[in-house]
2 protein chains.
Amino acid sequence: MTCPTAPVLDLRDRLRRAGLRPTRQRVSLMGVLFAKGHRHLTAEALHEEASQRGVRVSLATIYNTLHQFTGAGILREVAVDSAKTYFDTNTHNHHHMFVEGEHRILDIPAEAVQLDESPDIPDGFELVRMEVVLRVRRKQ
Amino acid sequence: MTCPTAPVLDLRDRLRRAGLRPTRQRVSLMGVLFAKGHRHLTAEALHEEASQRGVRVSLATIYNTLHQFTGAGILREVAVDSAKTYFDTNTHNHHHMFVEGEHRILDIPAEAVQLDESPDIPDGFELVRMEVVLRVRRKQ
DNA sequence: ATTTGTGCAAATCGTTTGCATCTGA
DNA sequence: TCAGATGCAAACGATTTGCACAAAT
């Protein structure tokens, strides 16, 4: 952790470019978040995974960090499950499949869904993003 | 409340057909829910509105009832806001616009959004429904 | 040195639950 | 009668907050 290998420098840079100070915790959490491709994590899940990797960060800091990262465009919040908030490491345009009863989220590539031009946005509002959620359940 | 006017009978019938006993509270809440066209309510909002109309129902019963109604197909749960759960009195196929920062949900008629046939559903799963959420924010 | 971030524990908020009591069929 | 509903208060789980301490610029 005191040995700045190349990937760690990347993480620090990415944080700086996002306007966030590269603190030890933020760098570590970025490392955990982006260690294995894109995924959807809850605060609790990130906390556990960080602990397992020997990264000791309080849950309060996890929540702070997740929201800071979301504000900085590093993460995206996914609201499909009223029970808890998921954060998506993929901030590119894509959609989701949600497995009801299992609290599981799967990605759908943007190209898999064709929508015509978006419906009218009321005056005074601007589109942030359009997302599609396929709710599925296990058969039988 | 002891005078069974026509609309009250309708409500009672609708509850019976849904397999729910038409108790005083359920009939009253249906009355409140469907008094003014379709809308999106939280448990808290329904509780307040019921109180204002002199319908005294505990919050616990509100939650029970909302879930029973959802299970019976009288209401639909809308998960767009990770902060709280909204219930939609419109159970027909349609979509939503969510105003970020204002906790406000607007309807988009199904016809306003054209999607091609849905993406592949993984084996062992079946589609419950496909919904589109347009996230918008107030300009500036 | 100053500003910003972190950790902890307590507080908050939406929601659920256990249980005694009531009510509709 | 009696299964099913309700109300209350307490329990719960996810998230936020206040504040003293620590770390980054």
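You'll find the structure just up there.
Remember, predicted model here, so these are calculated numbers, not experimental data.

Q: Could you give an account of the overall build of chain A, naming the residues involved and the relevant values?
A: Scanning chain A for helices and strands turns up four helices and six strands. Going residue by residue from the N terminus, the α and β elements of chain A occur as α-α-β-α-α-β-β-β-β-β. On the principal axes, the C-alpha backbone points of chain A span a range of 50 × 45 × 25 Å. Looking at the 140 residues of chain A, the share that counts as buried comes to 41%. In chain A, the proportion of contacts linking residues at least 24 apart, taken out of those at least 6 apart, comes to 40%. Taken together, the 19 basic and 18 acidic charged side chains of chain A have centroids lying 11 Å from each other.

Q: Which residues make up the protein's contact with DNA strand C, and what are the values?
A: Around DNA strand C, 20 residues are found, and the nearest of them are Arg21, Thr23, Gln25 and Thr61 of chain A together with Tyr63 of chain B. A distance of 2.9 Å separates a phosphate oxygen of DNA strand C from a polar side-chain atom of Arg26 of chain A. With respect to DNA strand C, the side chain of Thr85 of chain B contributes an N or O atom lying 2.9 Å from a phosphate oxygen. The set of elements that each furnish at least two residues to the surface near DNA strand C consists of helix H2 (24–33) and helix H4 (59–71) of chain A together with helix H1 (6–17) and helix H4 (59–71) of chain B. By residue class, the composition of the surface near DNA strand C is seven nonpolar, six polar and seven charged.

Q: Any chance you could break down the packing of aromatic side chains for me, citing the residues and the numbers?
A: Scanning the entire structure with this criterion turns up zero aromatic pairs over all chains. Above the plane of the ring of Phe34 of chain B lies Arg14 of chain B, whose end atom (NZ or CZ) is 4.8 Å from the centre.

Q: Please provide a residue-by-residue account of the protein's contact with DNA strand D, values included.
A: In the vicinity of DNA strand D lie 18 residues, with Tyr63 and His67 of chain A together with Thr23, Gln25 and Thr61 of chain B positioned nearest. Within the backbone of Thr85 of chain A, a nitrogen or oxygen atom sits 3.0 Å from a phosphate oxygen of DNA strand D. Between DNA strand D and Arg26 of chain B there is a distance of 3.1 Å, counted from a sugar or linking oxygen to a side-chain nitrogen or oxygen. At the level of elements, H4 of chain A together with helix H2 (24–33) and H4 of chain B are the ones that each hand at least two residues to the surface near DNA strand D. At three residues, the largest contribution of residues to the surface near DNA strand D is made by H4 of chain A. Partitioning the surface near DNA strand D into residue classes produces five nonpolar, six polar and seven charged.

Q: Got a sec to walk through the side chain of Arg26 of chain A? Specific residues and values, please.
A: Residues and elements named next belong to chain A. Positionally, Arg26 belongs in helix H2. The buried charged residue Arg26 lacks any salt bridge, with Asp13 as its nearest oppositely charged partner at 14 Å. Within polar-contact distance, the side chain of Arg26 engages the side chain of Gln68 at 3.2 Å. Aside from chain neighbours lying at most four places away, what touches Arg26 is Leu15, Leu20, Arg21, Thr65, Gln68 and Phe69.

Q: Tell me what's going on with the packing of H2 of chain B against helix H3 (residues 43–52) of chain B, and back it up with residues and numbers.
A: Residues and elements named next belong to chain B. Where H2 meets H3, the closest approach of the two axes is 10 Å, and the angle between their N-to-C directions is 100°. With respect to H3, the element H2 is oriented roughly perpendicular. When H2 is examined against H3, the residues Leu29, Val32 and Leu33 are found in contact with a partner set consisting of Leu46, Glu49 and Ala50.

Q: Hey, could you go over the interface of chain B and chain A for me, with residue numbers and the actual values?
A: Each side of the interface is counted separately: chain B has 39 residues, and chain A has 39 residues. Buried surface at the junction of chain B and chain A, summed over both partners, amounts to about 3400 Å²; 59% is from carbon and sulfur atoms. Summed over the three residues of chain B that lose the most area to chain A, namely Phe125, Glu126 and Arg135 of chain B, the buried surface amounts to 19% of that side. Summed over the shared surface of chain B and chain A, the result is 14 residue pairs in polar contact (both at pLDDT 80 or more). Sort the elements by how many residues they give to the side of chain B that touches chain A and strand E6 (residues 125–138) of chain B lands first, with 14 residues.

Parameters at a glance
- Residues numbered from 1 in each chain as written.
- Chains lettered and ligands numbered in written order.
- Predicted model: local features only at pLDDT ≥ 70, side-chain atom pairs only at ≥ 80, totals over all residues.
- Heavy atoms only, no water.
- Helix = DSSP H or I, 4+ residues; strand = E, 2+ residues; numbered from the N terminus.
- Buried < 20%, exposed > 50% of the residue type's maximum accessible area, 1.4 Å probe, protein only.
- Contact = heavy atoms within 4.5 Å.
- Lys, Arg positive; Asp, Glu negative; His and termini not counted.
- Charge placed at Lys NZ, Arg CZ, Asp CG, Glu CD.
- Near = heavy atom within 4 Å.
- Polar contact = N/O pair within 3.5 Å; in protein donor to acceptor, adjacent residues only side chain to side chain.
- Nonpolar A, V, L, I, M, F, W, Y, C, P; charged D, E, K, R; others polar.
- Phe/Tyr/Trp six-rings, centres within 6.5 Å; stacked < 30°, edge-to-face > 60°.
- Lys NZ or Arg CZ within 6 Å of the ring centre and 35° of its normal.
- Salt bridge = Lys/Arg side-chain N within 4 Å of Asp/Glu carboxyl O.
- Axes fitted to C-alpha atoms, helices over the stretch in contact; angles between N-to-C directions.
- Parallel < 35°, antiparallel > 145°, perpendicular 65-115°, else oblique.
- Buried area = accessible area lost by both parts, 1.4 Å probe.

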